[in-house]
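Okay, here's what each chain looks like letter by letter:
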Amino acid sequence: MFLLRIATVLILCLAFVGCEPKPTPPVDDSTAVQKERPPLRVWIVDAPELEKELLIRWRASSDQALAIENVSSKDLFDGRAFAFDTILFPGNLLGDMVERDIVSKLPSQVTMQGTSPSSSKSTQPGSREESSYESQEDVSKNWPDRFRNIASYAGKLYAVPLGSNAIAMVSKGMDVDSLRELQNNMAMPQGTTAKSLELWESWLRSIESVAEVSKSEDLLSAKIEKAGELEKQRLVDQFLWVASTTDKQRRGLFDLAKMQSRLKEPEFIYSVKVLARLARLFPEAVFSSAENAWAATKAGPKDSKFIALGWPAASSRQNDSQSDSPSEADVNVQVVPILWNPNRGLVASIGKGTRQTSVSIQFLRWLSLPEQREALRSVCSRVELLADQPDRNIVRDDYQKYSVALNRPVLQDGMPWSLRLVHSLDYRETLADALMRAIRTPDQADKIMAECSQKWNELTESFGKDKQLSSEERSQGFQK
């Protein structure tokens, strides 16, 4: 019996050894993580035309899903939760974004370019391969000043600058010698505000003497009646462009010693009157977008007379075959080299609340690459190429003249008139309403601007004078 029990135990042991379970195949961790990873949340402010191109190009570069939400700047600060990982927005909103603690300082990894990690599907966001950098350099050191200015606040980078268009005057069939002299006056240390006003008056009188202003009154009234938010903001930008030429000492929009508005000062009142006279001469241009106003100047009949403030749009890929050639360039088109930056170019930042910092960094690095810039610029003029990128639009005579002016070593960037302090939209809205009234009744410009100046002071008091002073200084690049 004892031997029988031993034999039974031996048989059971041999059975277990012979039936050893097969090893479990290894789990592909990257696939599991990929399936669980939420989409990268991207907000686009005031640039819905970018959505389709971004989705197509990112899908070809990464398996990471992209969830895009288009938002209007007017509704941006209405109490909503800022549930995004990255955000693309006009640079004039950077002060609000920083002071309201919505975006983070730009991580150094974003601007480190060179032998960069692959952005193809074989290298997934957040992987070990993505975090290794070799032969890198900080490309932000090569950005032009206007790029650094639009992406910086208090001397620190908070965004990737996708574009930083400056407003210029484009003219066709008009004598602009007085304005060229105005530009020289601005550049000379001994130049004065009085001289600037004298040159403006000389030029405007010469234009008004040959223009039929009365025919524009009805069109102007219609434009004012139909003006929406975009048209009003265009008025603000054009007013600030004019103000940058009359405020010769660059004292700016605020007296920083008292944090009081300077809009009632003579140079700003005169700037309003200049804008009102331009609106009567060229109402279509004043109330059109920057790109459309520029295009209308160039597209008119050969003997037409036209002036506009704006910048040229790049030709889309579909219109490449129709782009101007040097032989077709319109030599009557002139670009007056007086430029002021309204900070309407687009910038991209990482949200303070993101839980996908690594992927957000990868997205901004990808977004700032030359091939992305070229593709996005074809649908949005507020995206620019990098300085060393070949530009097929340079064959256009007007575009070439603008580019030469924009890339001069010395460019008046206009930070004293940037209006990028926190709650800037409230100041802009108040100013826009005043400009609309002043264009209707330019003889009351003094009173209207005095009232607007008082309303600005009331806004400053309501938001906190010390807070607004600090923000205004920081918006101009002062570290504090």
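Asks: So what exactly am I meant to see when it comes to the overall build of the protein chain here?
Replies: Summing up its helical and strand segments, the protein chain has 20 helices and 14 strands in all. A buried classification covers 52% of the 480 residues belonging to the protein chain. In the protein chain, the share of contacts with a sequence separation of at least 24, taken over all contacts with a separation of at least 6, comes to 79%. By element, 53% of the accessible surface of the protein chain is carried by carbon and sulfur atoms, the whole surface being about 22600 Å².

Asks: Where do I start with the sheet that holds strand β1 (residues 40–45) in this structure?
Replies: Neighbouring strands of a sheet are bound in pairs by backbone hydrogen bonds; such pairs are parallel or else antiparallel. With mixed pairing, five strands are arranged side by side in an open sheet as β2-β1-β3-β14-β8. Strands with a single pairing partner mark the edges of an open sheet, and in this sheet they are β2 (66–71) and β8 (160–161). Lying on the sheet, helix α3 (residues 51–59) is in contact with β1, β2 and β3 (86–90); it crosses β2 at an angle near 170°. Packed onto the sheet, helix α15 (residues 357–367) meets β1, β2, β3, β8 and β14 (346–350) and runs at close to 160° relative to β14.

Asks: Help me out: how do you make sense of empty space enclosed by the protein in this one?
Replies: Empty space left among the atoms is revealed by rolling a probe the size of a water molecule over them. Counted according to the given criterion, the structure contains two cavities of 30 Å³ or more. Each pocket or cavity is described by its volume, and for the largest cavity that value is around 70 Å³. As for the largest cavity, its lining consists of Met-169, Gln-238, Leu-278, Phe-282, Ala-285, Val-286, Ile-307, Ala-308 and Leu-309. Only α13 (283–286) and β12 (306–310) provide two or more residues apiece to the lining of the largest cavity. It is β12 that contributes the most residues to the lining of the largest cavity, three residues altogether. Considering only residue class, the lining of the largest cavity consists of eight nonpolar, one polar and no charged.

Asks: How do you make sense of the packing of aromatic side chains when you look at a structure like this?
Replies: The geometry of an aromatic ring pair is captured by two quantities: the separation of the ring centres and the angle between the planes. Counted by the stated rule, this structure contains 16 aromatic pairs. Ring plane angle 50° and centroid distance 5.0 Å describe the contact between Trp-43 and Phe-84, whose orientation is recorded as tilted. With a gap of 41 residues between them, Trp-43 in strand β1 and Phe-84 in the loop between α4 (73–76) and β3 connect regions that are remote in the sequence. Taken together, the ring pairs in this structure connect Trp-43, Phe-77, Phe-82 and Phe-84 into an aromatic cluster. The ring of Phe-77 carries the charged tip of Arg-100 above its face, separated from the ring centre by 4.3 Å.

Asks: Just to check I follow, could you spell out α15 for this structure?
Replies: In terms of residue burial, α15 counts as a mostly covered element, since nine of its 11 residues are buried. Inspection of α15 places Val-359, Ser-360, Ile-361, Gln-362, Phe-363, Leu-364, Arg-365, Trp-366 and Leu-367 among the buried residues, and these make up the whole buried set.

Asks: Where do I start with the pattern of salt bridges in this structure?
Replies: Inspection of every chain in the model, using the stated rule, returns 29 salt bridges. A salt bridge links Asp-101 to Lys-352, with the nearest nitrogen and oxygen atoms 2.3 Å apart. One end of the pair, Asp-101, is in the loop between α5 (94–99) and α6 (108–111); the other, Lys-352, is in the loop between β14 and α15, with 251 residues separating them in the sequence. For Lys-352, a relative accessible area of 43% puts it in the partly exposed group. The shortest N-O distance in the salt bridge between Arg-396 and Asp-398 comes to 3.5 Å. The pair formed by Arg-396 and Asp-398 is uniform in burial state, with each residue classed as buried. One continuous salt-bridge network, built from bridges that share partners, spans Glu-201, Arg-205, Glu-208 and Arg-277.

How each quantity is defined
- Residues numbered from 1 in each chain as written.
- Predicted model: local features only at pLDDT ≥ 70, side-chain atom pairs only at ≥ 80, totals over all residues.
- Heavy atoms only, no water.
- Helix = DSSP H or I, 4+ residues; strand = E, 2+ residues; numbered from the N terminus.
- Buried < 20%, exposed > 50% of the residue type's maximum accessible area, 1.4 Å probe, protein only.
- Contact = heavy atoms within 4.5 Å.
- Areas by Shrake-Rupley, 256 points an atom, 1.4 Å probe, with all protein chains shown as cover.
- Pairing = 2+ DSSP bridges.
- Axes fitted to C-alpha atoms, helices over the stretch in contact; angles between N-to-C directions.
- 1 Å grid on protein atoms, 1.4 Å probe; cavity = no way out; pocket = protein on both sides within 12 Å on 5 of 7 lines; lining within 4 Å.
- Points joined across faces, edges and corners; volume = space filled by probe spheres on them.
- Nonpolar A, V, L, I, M, F, W, Y, C, P; charged D, E, K, R; others polar.
- Phe/Tyr/Trp six-rings, centres within 6.5 Å; stacked < 30°, edge-to-face > 60°.
- Lys NZ or Arg CZ within 6 Å of the ring centre and 35° of its normal.
- Salt bridge = Lys/Arg side-chain N within 4 Å of Asp/Glu carboxyl O.

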